[in-house]
Amino acid sequence: MSVSHVPPHDQAAAAVGPPREMINGRVLAISRGEPIETVVHPELAREEAVLDIDHFSLWYGSKQALFDITLTIPRGKITALIGPSGCGKSTLLRSVNRLNDLIDNVRVSGDMRLNGDSIYGRSVDVIELRKRMGMVFQKPNPFPMSIYENVVYPLRIDGERNRAVLDEVCERSLRGAALWDEVKDRLHESGLALSGGQQQRLCIARAIAGDPEVLLLDEPCSALDPIATGKIEDLIQELKGTYSVLIVTHNMQQAARTSDYTAFMYLGRVIEYGLTTVLFTNPHVKDTQDYITGRFG
């Protein structure tokens, strides 16, 4: 997939109004099976990458799910993947920590690089790779153990036995997940006794306990009520800067509220990728505008 950058003069135009000639026809081209160029906003060129996705494609058996995706995920920022159901958002996210390897008949081409290190190289130790990332799923999945042991689990499996270290990481991670004040007197109670929103923040605490290089969130609020969702969104904002976050969301308002950059996906392709504020107010691709305004999807 070739990548087109919006020229600098269009960047200025985007600040005051829509581009003079909005790019059109990407969705139709995809429906005809034609390759497309991703429209990448110029601001991405100034960002330092924590994750490089390089001409990445994925197949489930004979069915291709991702098509030649090239993206730079900025360090210390929140990047959202949006698009209709079945567009490949979660497939792309789960490719970062190679969870798709667990599915039969999956094959890939291209590569991804985490801080310069190949994710799909032949010599990669997948278990060690996953330790460099934190993953939070759609539904809270605390382990059937205490709150304390849930949080320090990544350190336990790495062989850490120093109680002072475990205590320090537990408190720091629960504070980082905005949960410490609610559970500090209940650390030895089961994590399963928490509310759904608390369980999801516990899972985020567990994910950040290992000090991940990138934090992957797969629709982390889809199973939560509005109040719990608001707390998770506030937490994601607090994590920005300390962590690099890649989030899949079906909720466009959530992407607009929480992310710095947004990529709009459609049928396994990335149509447009840029600053969230620009993409939601003055997108450079008419198909993006049509999706955001509810004309399709």
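In this text, all values refer to a predicted model and were calculated from it rather than measured experimentally.

## Overview of helix 9 (residues 226–239)
Then comes step 1: Along its 14 residues, helix 9 runs 20 Å from first to last C-alpha, staying within 8% of the 20 Å computed at 1.5 Å per residue.
Then comes step 2: Along helix 9, the residues classified as buried are Ala228, Thr229, Ile232, Glu233, Leu235, Ile236 and Leu239. End-on view of helix 9: buried residues confined to an arc of 160 degrees, all on one side of the axis. Turned more than 90 degrees away from the buried face of helix 9, the exposed residues are Pro226, Ile227 and Glu238.
Then comes step 3: The secondary structure elements touched by the buried residues of helix 9 are strand 5 (78–82), helix 6 (163–176), helix 8 (196–209), strand 9 (214–218), strand 10 (245–248) and helix 10 (252–258).
Then comes step 4: Positioned one or two residues after helix 9, Gly241 has a phi angle of 95 degrees, which is positive.

## Comments concerning the side chain of Ser146
Then comes step 1: Tracing the backbone through its elements, the reader meets Ser146 in the loop between strand 8 (133–136) and helix 5 (147–156).
Then comes step 2: Here Ser146 is in contact with Leu187, His188, Glu189, Ser190 and Gly191, once residues within four sequence places are set aside.

## Here's the deal with unusual backbone geometry
Then comes step 1: Despite not being glycine, Asp68 shows a phi value in the positive range, around 50 degrees.
Then comes step 2: For Asp211, which is not glycine, the phi torsion reads 50 degrees and is therefore positive.
Then comes step 3: The topology assignment puts Asp211 in the loop between helix 8 and strand 9.
Then comes step 4: By relative accessible area, Asp211 is classed as exposed at 55%.

## Some words on the sheet that holds strand 3 (residues 49–60)
Then comes step 1: Taken together, four strands build an open sheet; the order of strands is 4-3-6-7 and the sheet is antiparallel. Because the sheet does not close on itself, it has two edges, and the strands there are strand 4 (63–74) and strand 7 (117–118).
Then comes step 2: As paired elements, strand 3 and strand 6 (residues 106–114) share eight bridges and run antiparallel to each other. From the neighbouring strand, Leu58 faces strand 6, where its bridge partner is Val108.

## A look at the environment of Arg269
Then comes step 1: Residue position: Arg269 is located in strand 12 (residues 269–275).
Then comes step 2: The exposure class of Arg269 is buried, given its relative accessible area of 11%.
Then comes step 3: Along the primary structure Arg269 and Gly294 are separated by 25 residues, whereas in three dimensions their C-alpha atoms are 19 Å apart.
Then comes step 4: Contact partners of Arg269, with chain neighbours within four places excluded, come to Ile30, Gly33, Ile36, Phe67 and Phe264.
Then comes step 5: Engagement of the side chain of Arg269 in a polar contact is seen with the backbone oxygen of Leu267, the distance being 2.8 Å.

## Observations regarding the pairing of strand 5
Then comes step 1: By the criterion of burial, strand 5 is predominantly enclosed, with five of the five residues buried.
Then comes step 2: Side-chain alternation along strand 5 places Ile78, Ala80 and Ile82 on one buried face and Thr79 and Leu81 on a second face that is also buried.
Then comes step 3: Of the strand pairs in this sheet, strand 5 and strand 10 are connected by four bridges, and their pairing is parallel. Each residue of the ladder has a partner; that of Ala80, found in strand 10, is Ile247.
Then comes step 4: Examined bridge by bridge, strand 5 and strand 11 (residues 261–266) share four bridges and lie parallel to one another. Residue pairing in the sheet places Ala80 in a bridge with Thr262 of strand 11.

Here is what the cut-offs are and how they apply
Per chain, the residues get numbers from 1 upward, laid out in the order the sequence is written. For a predicted model such as this one, the threshold for reporting local features is a pLDDT of at least 70, and the threshold for listing and counting side-chain atom pairs is 80 or more; totals across whole chains, interfaces and linings nevertheless cover every residue. The side-chain figures draw on all heavy atoms in the structure; neither hydrogens nor water molecules are used. Numbering goes from the N terminus for both helices and strands, where a helix is a DSSP run of H or I of at least four residues and a strand is a run of E of at least two. To estimate the expected span of a helix, subtract one from its residue number and multiply by 1.5 Å. Type-normalised accessible area, obtained with a 1.4 Å probe on protein chains alone, sets the label of each residue: buried when under 20%, exposed when over 50%, and partly exposed for intermediate values. What the arc measures is the spread of directions leading from the helix axis to the C-beta atoms. The contact criterion used throughout is that any non-hydrogen atoms of two residues lie within 4.5 Å. For two strands to be treated as a pair, DSSP must find at least two bridges joining them. Under the rule applied, a polar contact is a pair of N or O atoms within 3.5 Å (in protein, one hydrogen donor and one hydrogen acceptor; residues adjacent in sequence only if both atoms are side-chain atoms).

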